[in-house]
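Fold and geometry: a report
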Amino acid sequence: MAIIRLYMTMSLDGYVTGPQDGADAPLGVGGFRLFNWLDRRDGPGPSGQVFSEAMSTRALISGRRTYELADRWQGDHHDGVPIFVLTHDVPDEPPPGSVRYVTDVGECAAQARASAGDGEVMVHGAGAAQALLRAGQLDEMELHVVPVLLGQGRRLFDALPAEHIELDLVRRLTTSETEDPAKQVMHLRYRVRRP
């Protein structure tokens, strides 16, 4: 069965965007600082490895807000993989490319797993991640932690219920200490423990 894994970049204080994110500024004020590590995505180091793994996933689940702010990825996130957009309301207009709108989190996870076969499903978006966690459908998290404190913006895990979700660290990759400080990142992969 396919693994559903969240891939998210965040500041050390838990923000995935800067303040005032929206259509005109998808990453908010100062939010692009979180993605300097992508300058090394084609290199041989940890950031290149993690990016390559993300781009080899066979399906994508996205929250509707993330999908819209990313300009719908013009219907193709990578390699034509199926994109499942978790949404409360299905738009009237047909989706572009390989996009499907799904309103039920369990059904969304099931469709994505079926599409990915024995591969992996990438998750984008704080809302989708939280919905999948609450439904017991998120298997792993690949968090790209950038050594910066944004202080404001949109937090990754803001709306979770007040219960413990235990995680097991399964991998830690870090950029070299000699790396340009603006491009440093720690890639942490956690497995979600099931009761």
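Residues numbered from 1 in each chain as written. Predicted model: local features only at pLDDT ≥ 70, side-chain atom pairs only at ≥ 80, totals over all residues. Heavy atoms only, no water.

1. Comments concerning the overall build of the protein
The number of helices and strands found in the protein is four helices and 10 strands. Seen in sequence order, the protein has helices and strands lined up from the N terminus as β-β-α-β-α-β-β-α-β-α-β-β-β-β. Computed over its C-alpha atoms, the radius of gyration of the protein comes to 16 Å, within 12% of the 16 Å expected for a compact globule of 195 residues. Considering only C-alpha atoms, the protein reaches an extent of 50 × 40 × 35 Å along its principal axes. Of all 195 residues assigned to the protein, the portion counted as buried reaches 46%. Taking as baseline every contact in the protein between residues at least 6 positions apart, the subset at least 24 positions apart corresponds to 68%. When the accessible surface of the protein is totalled, it reaches about 9,900 Å², and 50% of it is carbon and sulfur. Each charge class in the protein can be summarised by its mean position, and for the 20 positive and 27 negative side chains these summaries are 3 Å apart. (Helix = DSSP H or I, 4+ residues; strand = E, 2+ residues; numbered from the N terminus. Rg over C-alpha atoms; globule rule 2.2 N^0.38 Å. Buried < 20%, exposed > 50% of the residue type's maximum accessible area, 1.4 Å probe, protein only. Contact = heavy atoms within 4.5 Å. Areas by Shrake-Rupley, 256 points an atom, 1.4 Å probe, with all protein chains shown as cover. Lys, Arg positive; Asp, Glu negative; His and termini not counted. Charge placed at Lys NZ, Arg CZ, Asp CG, Glu CD.)

2. A few points about the sheet that holds strand 5 (residues 99-102)
Taken in spatial order, the eight strands of this open sheet run 5-4-3-6-1-7-10-9, and their pairing is mixed. In this open sheet, the two edge strands, each paired with only one partner strand, are strand 5 and strand 9 (167-174). Ignoring which end each strand starts from, the neighbouring axes of this sheet average 25 degrees apart. For strand 7 (residues 140-146) and strand 10 (residues 186-192), the ladder comprises six bridges, and the chain directions are antiparallel. Residue E140 lies in a different strand from strand 10, and its bridge partner there is R191. Of the strands in this sheet, strand 1 (3-11), strand 6 (120-124), strand 7, strand 9 and strand 10 are in contact with helix 1 (residues 46-55), which crosses strand 9 at around 125 degrees. (Pairing = 2+ DSSP bridges. Axes fitted to C-alpha atoms, helices over the stretch in contact; angles between N-to-C directions.)

3. Remarks on the confidence of the model for the protein
Summing up the model confidence of the protein, the mean pLDDT is 93 and the portion of residues at 70 or higher is 100%. Within the protein, no element has a lower average pLDDT than helix 2 (residues 64-69), which sits at 92, and none a higher one than helix 3 (residues 105-116), at 98. (pLDDT = per-residue confidence, 0-100.)

4. A short note on the pattern of salt bridges
Inspection of the entire model under this criterion finds 18 salt bridges. Ionic pairing is found between R154 and D21, a salt bridge with its closest N-O pair at 3.2 Å. Of this pair, R154 sits in strand 8 (residues 154-155) while D21 sits in the loop between strand 2 (15-17) and helix 1, and the two are 133 residues apart along the sequence. Using a relative accessible area of 16% as the deciding quantity, one classes D21 as buried. (Salt bridge = Lys/Arg side-chain N within 4 Å of Asp/Glu carboxyl O.)

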